[in-house]
Amino acid sequence: MNQHQVISPSHEAAIAVDEVLRGEFGLVGPIPLHAPKFDASDKEFVNACLDEGWVSTAGHFVDEFEALIARACGVKHAIATTNGTSALHAALHCIGVTEDDAVLCPALTFIATANAISYTGAAPIFLDSSIADLGIDLEKLSHFLEMECTHLNAQTWHKKTGRPIKAIVPVHVFGHACDLHALTDICRNWNIAIIEDAAEALGSSFDGRPCGGFGTAATLSFNGNKPATTGGGGAIVTNDESLAKRLKHVTTTAKLPHAWHYDHDEIGFNYRLPSLNAALGIAQMRKLETIIESKRKIATAYESRLSQLADITWVSEPAKCRSNYWLNAIILPNAEQRDMFLELTNSRAIQTRPCWTLIPNTAAYRDAIQAPDLTHARMLESRLVNLPSSPWMLPSQTGQ
Ligand SMILES: *Cc1c(COP(=O)(O)O)cnc(C)c1O
């Protein structure tokens, strides 16, 4: 007879997470999913901006912030914007996505990915996820293109709607890069532009190259819950100089340069990031590598406990990827265990969260086009949870 008390996978996982956070890291009180902590350098830059009095748009803080972003992503140009959603909208708009087009994206992502596509008037088409890297499943993408599309006049057409597929927006979910080499090969064959949604992947790399440098352009977010934050903010990065110029122009009301005369040569957007936010961004970018190192140590601490548990899947960085581990994640055996884990941890003031609702399952997108098979995305939607991942949680950083 088995003398051991049988405990469920959700209990085992909750105990392991508690041991890491409250035991190993010595954290007390409520533990948020992901929260920033600011230090003297953050305050110094924000104060410098206040002292100068130029808190609004333009100026050297924005230029410096953009230079640091471009360097971190290994690209030539960065354009700061109000947030990651506006960055994605501007990027799609400026590569020529219109209401006649379709744009591919994963079903499992934050709503911003799909909303930005919708703002251009284009139809998003939702694809399944890869279990290995949580991004778009590339085998299924190829299958979708073979079965549901035709290639004609150097464009790929979605047969059912007659729309050209102008672009794909891959998402590096929780900081884990998708296979950018394989994706690039597929998109080259089918003439589909890649706009990387790297909102969660600042500081991550694939095959030794930073995420954000693989597509025609990529977008970042500096929202309060992201690895580096400006309160709210975003950026578009690209190596294409003429695209960069047009992005800057269109995101700053398309005003023609003149000392006092107001003229605009197209309907632009006011998507520019205020200096005050950019000043904070400079301080954050200067310590980006320290932030990523802390986040990777936290992931290692979780991994050493959670990967031991037979019924739990630890979500590890995929092959060739050095992940920023924006949000750590595990997969429970089923939805009931997932719910029990959420109960157990949140009742101990450890903030954990399920994955997003699949976008085509939200009311906003219920009539949207989706790939026939979303099995992997559905599995992740019902079984994956995110764990507290703030970079300051390590004992050396909490001052305890
Ligand atoms: C955070 C995020 C964005 C952008 O969000 P903003 O709040 O607009 O900065 C876009 N896509 C994904 C996948 C994100 O996680």
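Note that the structure is predicted; figures quoted are calculated from it, not measured.

Here is what the cut-offs are and how they apply
Residues numbered from 1 in each chain as written. Predicted model: local features only at pLDDT ≥ 70, side-chain atom pairs only at ≥ 80, totals over all residues. Heavy atoms only, no water. Pairing = 2+ DSSP bridges. Helix = DSSP H or I, 4+ residues; strand = E, 2+ residues; numbered from the N terminus. Domains from an automatic or database assignment. Contact = heavy atoms within 4.5 Å. Buried area = accessible area lost by both parts, 1.4 Å probe. Salt bridge = Lys/Arg side-chain N within 4 Å of Asp/Glu carboxyl O. Polar contact = N/O pair within 3.5 Å; in protein donor to acceptor, adjacent residues only side chain to side chain. Nonpolar A, V, L, I, M, F, W, Y, C, P; charged D, E, K, R; others polar. Phe/Tyr/Trp six-rings, centres within 6.5 Å; stacked < 30°, edge-to-face > 60°. Buried < 20%, exposed > 50% of the residue type's maximum accessible area, 1.4 Å probe, protein only.

**A few points about the sheet that holds strand β9 (residues 209-210)**
Taking strand neighbours across the sheet as the criterion, the 3 strands line up as β9-β8-β13 in an open arrangement whose pairing is antiparallel. Edge strands, defined here as strands with exactly one partner in the open sheet, are β9 and β13 (321-322). Two strands pair when backbone bridges link them, and strand β8 (residues 205-206) and β9 are joined in this way by 2 bridges, in the antiparallel orientation. Each bridged residue has a counterpart across the sheet, and for Ser205 the counterpart in β9 is Pro210.

**With respect to the domain arrangement of the chain**
Taken domain by domain, the chain consists of domain 1 (9-35 + 288-398) and domain 2 (40-286). Taken residue by residue, the interface counts 40 residues in domain 1 and 48 residues in domain 2. Carbon and sulfur atoms make up 67% of the area that domain 1 and domain 2 hide from each other, which totals about 3,700 Å². Among the residues domain 1 hides against domain 2, the three largest losses belong to Leu288, Trp356 and Ile369. Together they make up 21% of the total. Linking domain 1 with domain 2 are 1 salt bridge. Put simply, Asp373 and Lys140 hold a salt bridge, and the shortest N to O gap is 2.8 Å. Linking domain 1 with domain 2 are 24 residue pairs in polar contact (both at pLDDT 80 or more). Contributing elements (two or more residues each) for the side of domain 1 that touches domain 2: α10 (288-306), β13, β16 (369-370), α12 (375-383) and β17 (384-387). A per-element tally of the side of domain 1 that touches domain 2 places α12 first, with 6 residues. A per-class count over the side of domain 1 that touches domain 2 returns 26 nonpolar, 9 polar and 5 charged.

**A few points about the packing of aromatic side chains**
If you walk through the whole model with that rule in mind, you get 7 aromatic pairs. With a centroid separation of 6.1 Å and 70° between ring planes, the pair formed by Phe206 and Phe214 is classed as edge-to-face. Residue Phe206 is classed as buried on the basis of its relative accessible area, which comes to 3%. Of the residues examined, Phe214 reaches a relative accessible area of 12% and is grouped as buried. Ring centres of Phe269 and Tyr271 lie 4.9 Å apart, and the angle between their planes is 10°; on these two criteria the pair is classed as stacked. Owing to a relative accessible area of 17%, Tyr271 belongs among the buried residues under this scheme.

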